[in-house]
Amino acid sequence: MKRMGMLFRAKANRALDRAEDPRETLDYSYQKQLELLQKVRRGVADVATSRKRLELQLNQLNGQSDKLAEQGKKALALGREDLAREALSRRAALQQQVSDLQVQHQTLQGEEEKLTLAAQRLQAKVDAFRTKKETIKATYTAAQAQTQIGEAFSGISEEMGDVGMAIQRAEDKTAQLQARSGAIDELLASGALDDPTGTAKDDITAELDRISGGSDVELELQRMKAELAGGTSGGQQAIEGGDGTAQDPRGQSAPRFDKQ
């Protein structure tokens, strides 16, 4: 079972490695980093919103505190010390709330600064990763193109391999047909096979034609040599006899053949 599991994992890993495209992996990683950066920015916005709300509450409490202070002064001016004391008591309670809110405001402001700095650093890392990603993708694409071109030139690619095999099969079939045609011609010439059309010559006729053709060539060659030796007119008179036969250079007569 362990060997089967290891074998399955090895096969799966190899299949995944073949299916994996580094460019797609880089794009996916970049997308995840953008999502993380977006979350950090959203967090900064949330903290800034909370800080702004505390500032509004502080302004409101400070306004109420100032109002109570004015009411206390007015009550003392009118001789109502009890009202003045009540106003000052309420103002003291508001001041305590203001102090607590100020502490919270400072805490939120510090968190906001930290998140802002983290977002800036993360933005710089994302930009650097994007540049590196595009560089790696361009390099990978160029290397892949060079590999495909090299495989095409060397004939080891699948497409070129199929074409080469097809060409080889065509050449083999052509050679086989040529060999078969040559063998049939030889058998017909030797008389081993009969020609049903009656156009093929027997071996005796073929041999006579060959000898006759050779004699014609020799006679034409002798005539040309004689013409070159004595000139066009003189050579013609030297080789022609009184009976209209051509004289052989050795003194023997030979039949005369006209140009036709």
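Nothing here was measured: the structure is a model prediction, and the numbers come from that model.

Chemist: What should I look at first to understand the overall build of the protein in this one?
Modeler: Per the secondary structure count, the protein includes 6 helices and 2 strands. Going through the 260 residues of the protein one by one, you find that 14% of them count as buried. Summarising the internal contacts of the protein: among those between residues at least 6 apart in sequence, 61% fall at separations of at least 24. Surface summary for the protein: the accessible area is close to 20,500 Å², and the carbon and sulfur share equals 55%.

Chemist: Help me understand the side chain of His105 in this model?
Modeler: Mapping His105 onto the fold places it in helix H3 (residues 81-154). Since its relative accessible area comes to 12%, His105 is described here as buried. For His105, the residues in contact, after removing those within four places along its chain, are Arg51, Leu54, Glu55 and Leu58.

Chemist: How do you make sense of the pattern of salt bridges when you look at a structure like this?
Modeler: Pairing between side chains of opposite charge can happen when the charged atoms of each approach one another. Under the counting rule described, the total for this entry stands at 14 salt bridges. Its salt-bridge partner being Arg51, residue Glu55 comes within 2.8 Å of it at the nearest N-O pair. Here Glu55 pairs with Arg51, and both are found in helix H2 (residues 22-77), just 4 residues apart, close to one helical turn. One salt bridge in this structure joins Asp82 and Arg80, with 3.2 Å as the shortest N-O distance. The class of Asp82 is partly exposed, set by a relative accessible area of 41%. One network of salt bridges, in which partners are shared, links Asp27, Lys133, Glu134 and Lys137.

Chemist: Explain the nonpolar core here, please?
Modeler: Across soluble globular proteins, nonpolar side chains show a tendency to be buried alongside one another. Leu54, Leu58, Leu61, Leu68, Leu94, Val98 and Leu101 form the largest nonpolar core, which has 7 residues in total. Broken down by secondary-structure element, the contributors of at least two residues to this core are H2 and H3. Take this core: its biggest share by element is 4 residues, from H2. With 6 residues, the next largest nonpolar core counts Leu37, Ala119, Leu122 and Val126 among its residues.

Chemist: Can you help me understand helix H1 (residues 2-19) in this one?
Modeler: Helical geometry note: an α-helix holds 3.6 residues per turn, so side chains three or four residues apart project in the same direction. An ideal rise of 1.5 Å per residue puts 26 Å on 18 residues; H1 measures up with 25 Å between its terminal C-alpha atoms. The element H1 is barely covered by neighbouring structure, given that only 1 of its 18 residues are classed as buried.

Chemist: Is there a simple way to think about H2 in this case?
Modeler: A rise of 1.5 Å per residue sets the reference length of H2, with its 56 residues, at 82 Å; its end C-alpha atoms lie 83 Å apart and thus fit the reference within 8%. Just beyond H2, the residue with positive phi is Gly79, at close to 85°.

Chemist: Is there a simple way to explain the packing of aromatic side chains in this structure?
Modeler: The description of an aromatic ring pair rests on the distance of the ring centres and on the angle between the ring planes. Summed over all chains, the structure comprises 1 aromatic pair. The lysine or arginine in question, Lys133, covers the ring of Tyr30, its NZ or CZ lying 5.1 Å from the ring centre.

Chemist: Is there a simple way to explain the environment of Leu54 in this structure?
Modeler: Secondary-structure assignment places Leu54 in helix H2. A relative accessible area of 8% means that Leu54 is categorised as buried.

Chemist: Looking at this structure, I do not really get the environment of Gln71. What am I missing?
Modeler: The residue Gln71 is located in helix H2 in this model. Accessibility expressed as a relative area gives 39% for Gln71, which makes it partly exposed.

Chemist: What's the story with the side chain of Arg51 in this structure? I'm lost.
Modeler: In this structure the side chain of Arg51 is engaged in a polar contact, spanning 2.8 Å, whose partner is the side chain of Glu55. Each residue touching Arg51, except ones within four places of it in the same chain, is listed here: His105, Leu108, Gln109 and Glu112.

Parameters at a glance
Residues numbered from 1 in each chain as written. Predicted model: local features only at pLDDT ≥ 70, side-chain atom pairs only at ≥ 80, totals over all residues. Heavy atoms only, no water. Helix = DSSP H or I, 4+ residues; strand = E, 2+ residues; numbered from the N terminus. Buried < 20%, exposed > 50% of the residue type's maximum accessible area, 1.4 Å probe, protein only. Contact = heavy atoms within 4.5 Å. Areas by Shrake-Rupley, 256 points an atom, 1.4 Å probe, with all protein chains shown as cover. Salt bridge = Lys/Arg side-chain N within 4 Å of Asp/Glu carboxyl O. Core = buried A, V, L, I, M, F, W, Y, C linked by side-chain atoms within 4.5 Å. Expected span 1.5 Å × (residues − 1). Phe/Tyr/Trp six-rings, centres within 6.5 Å; stacked < 30°, edge-to-face > 60°. Lys NZ or Arg CZ within 6 Å of the ring centre and 35° of its normal. Polar contact = N/O pair within 3.5 Å; in protein donor to acceptor, adjacent residues only side chain to side chain.

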